There are 2 protein chains.
Amino acid sequence: MQIGIFDSGVGGLTVLKEMAQSFASEDFYYLGDTARLPYGTKSPETIRQYAEQIMDFLAARKVDAIVIACNTASSQVPETLWKNIPVFNVIEPGAEAAVKATRSKRLGVLATRATVRSNSYTDKIHSFDKDIQVFAKSAPLLVGLAEEGWVDDPITDAVVARYLEPLLKNDIDTLILGCTHYPLLVSAIRKACGDKIRLIDSGSAICGKLAEKMSLKASEPTYINEIHFHATDLTAHTRILAQQILKPLVITEFDIVHL
Amino acid sequence: MQIGIFDSGVGGLTVLKEMAQSFASEDFYYLGDTARLPYGTKSPETIRQYAEQIMDFLAARKVDAIVIACNTASSQVPETLWKNIPVFNVIEPGAEAAVKATRSKRLGVLATRATVRSNSYTDKIHSFDKDIQVFAKSAPLLVGLAEEGWVDDPITDAVVARYLEPLLKNDIDTLILGCTHYPLLVSAIRKACGDKIRLIDSGSAICGKLAEKMSLKASEPTYINEIHFHATDLTAHTRILAQQILKPLVITEFDIVHL
């Protein structure tokens, strides 16, 4: 089976990695819209238009499923079919996993400006359980810090701590990492949160959903999946970062795409 | 006279502000390519293609001059004519002002990844004086910090100090702010540099050049210039930030443009 995945940049590779390690015999077409990154500060109309162009591109590659591995784009594209291909976004499985995890019914969401503004997580969480209180915070600098590679770094710790402060004050017991870049900063997030808060990573959450809906079987990782990496802009920095995130998986093909 | 100006985002407004305050009777057409921001991490081909689309847009508005108020785009577009309209970039006046300012012939350049990679400042500086040593450092997080509005902030101070450290170690006596967003962070930069280092802001530098080449007369600011603000994506955050940067100048028109 061939799975299409897209994100505004390389962050969605954290989702691809989870999937490739869970589903050893599937191949992947990834598109990172690096020329137009970041999505998190753009308007809903622009984000939707970009997502549709990308889904057309993936449909033309005859993928069997499309995963929107970008929370911002997920917040603008309703989960449905695109040219008869099933489309999965990261919001629903992330929200569902968080609803199952919380005990105190006080949930935090850390996300981009556009995702927070869209209210997607709050709405989805309330569709499962209306009694849950949701506290959302936008964190626009985290993508830049992850892309800079300042992963284990006091500056990143300080930025993360500042963004998390209002959520922690509200006594959340579960935190949704509402952007696929954030798993790259998990050690700073863990430091700021302490041990008692459950972290929900949509990459892990979506694997369960995909297994269920597409009848995929989870297996031990083999690291032999074919991974086609397409980007709308492709610098040396992007190639290196992409391969670094996916390691020990190997990118089979790098390709630049003009949408 | 009508002057066209463009940048990847709102940073170029620091240049527009300098010009509107120097040239009280001119009007301005600004284009911020906010849908595709930032340029600093993109490839030369992509940046050049975007700049040409924007110069076509400004030419259609019948501007008398085009100012590339973006160091990254300046580094990819040679200063010349576009459809018979004179084009000015920020690299040359910035380099020239820095060459005049340095005593020790040790110059620092703080810029985006793409501008540093292009070697534009170094090449231009050496075209004036081959004996000058140029130390360049890319600072990809500063645009995000400026756009977040964390201007007078210990986190920004720490990020700026880290980026400047290798330049200060090299005993520079003059620093080029090689991105039009950086004047927004001048207080953090001044703190990290101390009082002895001269700061060169390309926005001020280009006013002299424009006055000379276009026979413009500098005058006291009147704050009655017409300012047309076009953006490829226009969120509430962008409107507020744009007006904040230009204050006390007033934006006459906000408009969204699809290129």
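Residues numbered from 1 in each chain as written. Chains lettered and ligands numbered in written order. Predicted model: local features only at pLDDT ≥ 70, side-chain atom pairs only at ≥ 80, totals over all residues. Heavy atoms only, no water.

**Q** Can you explain the sheet that holds strand S2 (residues 27-32) of chain B? Please cite residues and give values.
**A** Residue and element names in this part refer to chain B. Read across the open sheet, the 7 strands follow the order S4-S5-S3-S1-S2-S10-S11; overall the sheet is mixed. Each edge of the open sheet carries a strand with a single partner, namely strand S4 (81-82) and strand S11 (253-256). Taken strand by strand, helix H10 (residues 202-213) contacts strand S1 (2-7), strand S3 (65-68) and strand S5 (85-89), and its axis lies near 155° from that of S5. (Pairing = 2+ DSSP bridges. Helix = DSSP H or I, 4+ residues; strand = E, 2+ residues; numbered from the N terminus. Contact = heavy atoms within 4.5 Å. Axes fitted to C-alpha atoms, helices over the stretch in contact; angles between N-to-C directions.)

**Q** Report on the relation of the copies chain A and chain B, specifying residues and quantitative values.
**A** Superposition record for chain A on chain B: RMSD 0.0 Å, screw rotation 180°, translation along axis 0.0 Å. Taken together, the rotation angle and the small translation identify this as a two-fold axis. Among all C-alpha atoms of chain A, that of Arg36 of chain A lies closest to the rotation axis, at 2.2 Å. A symmetric contact is evident, with 100% of the interface residues of chain A recurring at the interface of chain B. (Least-squares fit on C-alpha atoms with pLDDT ≥ 70 in both.)

**Q** Just give me the short version of unusual backbone geometry, but keep the residues and values in it.
**A** The amide bond that connects Leu37 of chain A to the next residue, Pro38 of chain A, takes the cis arrangement and shows omega of -5°. Its place among the elements puts Pro38 of chain A in the loop between strand S2 (27-32) and helix H2 (44-60). Following Lys247 of chain A, the chain continues to Pro248 of chain A via a peptide bond in cis, the omega torsion being 10°. Mapped onto the secondary structure, Pro248 of chain A falls in the loop between helix H11 (236-246) and strand S11 (253-256). For Asp171 of chain A, which is not glycine, the phi dihedral falls at a positive 60°. Here Asp171 of chain A shows up in the loop between helix H8 (154-169) and strand S8 (174-178). Notably, Lys83 of chain B is not glycine yet its phi reads approximately 50°, a positive angle.

**Q** Any details on the state of the cysteines? Residues and values, ideally.
**A** Per the counting criterion, the structure on display carries 0 disulfides over all chains. No disulfide involves Cys207 of chain A; its sulfur sits 17 Å from the nearest other cysteine sulfur, which is in Cys70 of chain A. On the basis of relative accessible area, Cys207 of chain A is assigned to the buried category, the value being 7%. Cys179 of chain B takes part in no disulfide bond, and the closest cysteine sulfur, belonging to Cys70 of chain B, lies 7.1 Å away. (Disulfide = S-S within 2.5 Å. Buried < 20%, exposed > 50% of the residue type's maximum accessible area, 1.4 Å probe, protein only.)

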